[in-house]
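Structural features, examined
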Amino acid sequence: DAKTTQPNSMESNEEEPVHLPCNHSTISGTDYIHWYRQLPSQGPEYVIHGLTSNVNNRMASLAIAEDRKSSTLILHRATLRDAAVYYCILRVTYSGAGSYQLTFGKGTKLSVIP
Amino acid sequence: DSGVTQTPKHLITATGQRVTLRCSPRSGDLSVYWYQQSLDQGLQFLIQYYNGEERAKGNILERFSAQQFPDLHSELNLSSLELGDSALYFCASSRANYGYTFGSGTRLTVV
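Residues numbered from 1 in each chain as written. Chains lettered and ligands numbered in written order. Predicted model: local features only at pLDDT ≥ 70, side-chain atom pairs only at ≥ 80, totals over all residues. Heavy atoms only, no water.

Regarding the interface of chain A and chain B
Operational definition: Only heavy atoms matter for contacts: two residues are in contact if any of them lie within 4.5 Å across the pair. Summed over both partners, the accessible area (1.4 Å probe) lost when two parts come together is defined as the buried area. Salt-bridge detection follows one rule: a side-chain nitrogen of Lys or Arg within 4 Å of a carboxyl oxygen of Asp or Glu. Nitrogen and oxygen atoms within 3.5 Å of one another constitute a polar contact, given that in protein one can donate a hydrogen and the other can accept it, and given that sequence-neighbouring residues count only through two side-chain atoms.
On the chain B side, the residues contacting the 22 residues of chain A number 23 residues. Taken over both partners, the interface formed by chain A and chain B buries close to 1800 Å², and the fraction arising from carbon and sulfur atoms is 50%. For the pair chain A and chain B, the number of links is 0 salt bridges. Viewed at the interface, chain B and chain A are joined by 4 residue pairs in polar contact (both at pLDDT 80 or more).

Have a look at this one:
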């Protein structure tokens, strides 16, 4: 499986933007980039995903490098509720609608300072 | 509520016993995935079912098995339980062009 590399931990001040980096130098042309987050004692939560173009949704923005070898998850204004482990994952697609596998790494533990 | 329902939320059992964890996927999702998360460990992929058929296997022990029924709910069976099997077990479902939706998990404690 293609691998991703993320910093183990990051800190951010509340109400400031956060940029969470991810390197995926072995990404293939059909791999989607997915981001999830996991709050303590909860199941992972889907954040955003993209293929080539930058993506925005109500939770975050995803900036994808032109060569697709890296991406950045952007939280525009960090809140205390954003403190979580953030996972950057490359999606391996199998045949069948909605059938694919996600391999989670260690992720980045984001701490938000009041 | 994510739409993925896992039962029970908590389970305490003794070594050597067998348990069954249940997962109901989000309405319309054909794929179900099982993950194990031990204390301070990452999420380990166990197995995936798609529309009733096994699609992919990860680090699933031979003592563990799963199935997906015609109504698309899935069960994960864990047998001959050991202390090291204590973990959070998550189920997720998915559909085309979207991410995974995870349930809130079953916390299994083997004593």
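What follows continues from the structure just given.
Let's talk about the side chain of Thr101 of chain B
Residue and element names in this part refer to chain B. Rule in force here: In this description a helix means any DSSP run of H or I spanning at least four residues, a strand means any run of E spanning at least two, and both kinds are numbered starting from the N terminus.
Mapped onto the elements of the fold, Thr101 is located in strand E10 (residues 101-102). A polar side-chain atom of Thr101 sits 3.5 Å from a polar atom in the side chain of Arg26. Apart from residues lying up to four places away in sequence, Thr101 is in contact with Ser2, Val4, Arg26, Cys91, Ala92 and Ser93.

A look at the pairing of strand E6 (residues 61-64) of chain A
All names here are of chain A. For clarity, the cut-off: Any two strands between which DSSP finds at least two bridges are classified as paired.
Bridge analysis of strand E5 (residues 55-56) against E6 gives 2 bridges, and the strand direction is antiparallel. What sits directly across from Val55, in E6, is Leu62. Taking the residues that link successive antiparallel strands as the turn, the E5-E6 hairpin has 4 residues. Pairing between E6 and strand E7 (residues 70-75): 4 bridges, direction antiparallel. Bridge pairing links Ile64 to Ser71 in E7. The antiparallel hairpin formed by E6 and E7 contains 5 residues in its connecting segment, where Arg68 sits at a positive phi of about 65°.

A word on the sheet that holds strand E3 (residues 19-24) of chain B
Residues and elements named next belong to chain B. Rules: Axis definition: a line fit to C-alpha positions, over the contact stretch in the case of helices; interaxial angles, taken between N-to-C directions, run 0 to 180 degrees.
Read across the sheet, 4 strands follow the order E1-E3-E8-E7 without closing on themselves; strand pairing throughout is antiparallel. Among the strands making up the open sheet, the edge pair consists of strand E1 (5-7) and strand E7 (64-68). Going across the sheet, the axis of each strand differs from the next one's by a mean of 15°, ignoring polarity. As judged from the 5 bridges shared by E3 and strand E8 (residues 74-78), these two strands associate in the antiparallel manner. Bridged to Thr20 within E8 is Asn77.

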